[in-house]
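Chain by chain, the residues run as shown.
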Amino acid sequence: MGIVQNRLDVLNELQQHLQDQNHEVKLIAVSKTFPVQDIRTLYVAGQRDFGENYIQEWQQKDKQLQDCSDLIWHIIGNIQSNKSRPVAERAHWVHTVDRLKLAQRLNEQRPDALPALNVCIEINIADEDAKHGIAPQQMMALAQEVLKMPRLRLRGLMCVAKDTDDTALLRQQFMQMQDLFKQLKSIAPEVDTLSMGMSGDWRIAVDCGATHVRIGSAIFGKRDYA
Ligand SMILES: *Cc1c(COP(=O)(O)O)cnc(C)c1O
């Protein structure tokens, strides 16, 4: 009971804080590795947007949560091309489009009966080999292609900043994202999403214009990957 109350308190605090910003910021609760029951608890408390990284884990949760009909799934992990179909068929958002082939597959596989799939292009802003995402210089070319795809709706950009306590460096990376977002808006004025900021760096991200923050451990506690 203590844990549940604590999570709800953190959730409320975060939502309050995000509401007090001078632009709208949506909270995505990142539930990877946490059980369905934890998602349900937050759902009952009014949280609707949830983020998952691992496709198989997400599919199982999705099945068990079918009664939560207005739950919004954000896929925020790397998607292998051969895993794109379930995502196209069941997700509401994909934040991690980082190559043309993945975009093409999602566009082909998105059922006609559903609205276009909301997508963000993932930028490798930290410029680390281990991170996914495309180089900033390649963003515009990929965006031009995605904009032509009728079953995808390009919403904006996403990044994972460097895992560091260096706030100046974090701010620099998030500001670079804001610049890229402006560039993208110059060819696609309808884009409205800058998905950046996690448990450790969301305050800086919001300062730099984030419209969606993806927060896991600050709400659910430490993850156990085993
Ligand atoms: C796990 C994850 C998050 C949440 O990270 P926390 O530090 O637990 O808040 C956000 N974004 C992505 C892409 C993730 O993989």
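A. Expanded view of the overall build of the chain. Scanning the chain for helices and strands turns up 9 helices and 8 strands. The C-alpha atoms of the chain give a radius of gyration of 17 Å, which matches the 17 Å a tight globule of 226 residues would have. By principal-axis analysis of the C-alpha atoms, the chain measures approximately 50 × 45 × 35 Å. Pairs at least 24 apart in sequence give 58% of the contacts found in the chain among residues at least 6 apart. Surface summary for the chain: the accessible area is close to 11,200 Å², and the carbon and sulfur share equals 47%. A distance of 4 Å separates the average location of the 27 positive side-chain charges in the chain from that of its 29 negative side-chain charges.

B. Focus on the layout of surface pockets. Roughly 680 Å³ of volume is contained in the largest pocket. Taken together, 31 residues form the lining of the largest pocket, with Lys 32, Lys 131, Val 160, Met 198 and Arg 214 sitting closest to its centre. Contributing elements (two or more residues each) for the lining of the largest pocket: strand 5 (117-123) and strand 8 (212-215). Split into classes, the residues belonging to the lining of the largest pocket amount to 11 nonpolar, 11 polar and 9 charged.

C. Region of the structure containing the pattern of salt bridges. Counting across every chain of the model gives 13 salt bridges. Close ionic contact of Arg 48 with Asp 70 constitutes a salt bridge, the shortest N to O distance being 3.1 Å. Residue Arg 48 is found in the loop between helix 2 (36-44) and strand 2 (49-52), and its partner Asp 70 is found in the loop between helix 3 (55-64) and strand 3 (72-75); the two are separated by 22 residues along the sequence. Residue Glu 89 is joined to Arg 85 by a salt bridge in which the shortest nitrogen-to-oxygen separation is 3.8 Å. Of this pair, Glu 89 and Arg 85 are both found in helix 4 (residues 84-90), 4 residues apart, which corresponds to roughly one turn of the helix. Linked by salt bridges that have partners in common, Glu 52, Glu 57 and Lys 61 make up one network.

Definitions and limits used
Residues numbered from 1 in each chain as written. Predicted model: local features only at pLDDT ≥ 70, side-chain atom pairs only at ≥ 80, totals over all residues. Heavy atoms only, no water. Helix = DSSP H or I, 4+ residues; strand = E, 2+ residues; numbered from the N terminus. Rg over C-alpha atoms; globule rule 2.2 N^0.38 Å. Contact = heavy atoms within 4.5 Å. Areas by Shrake-Rupley, 256 points an atom, 1.4 Å probe, with all protein chains shown as cover. Lys, Arg positive; Asp, Glu negative; His and termini not counted. Charge placed at Lys NZ, Arg CZ, Asp CG, Glu CD. 1 Å grid on protein atoms, 1.4 Å probe; cavity = no way out; pocket = protein on both sides within 12 Å on 5 of 7 lines; lining within 4 Å. Points joined across faces, edges and corners; volume = space filled by probe spheres on them. Nonpolar A, V, L, I, M, F, W, Y, C, P; charged D, E, K, R; others polar. Salt bridge = Lys/Arg side-chain N within 4 Å of Asp/Glu carboxyl O.

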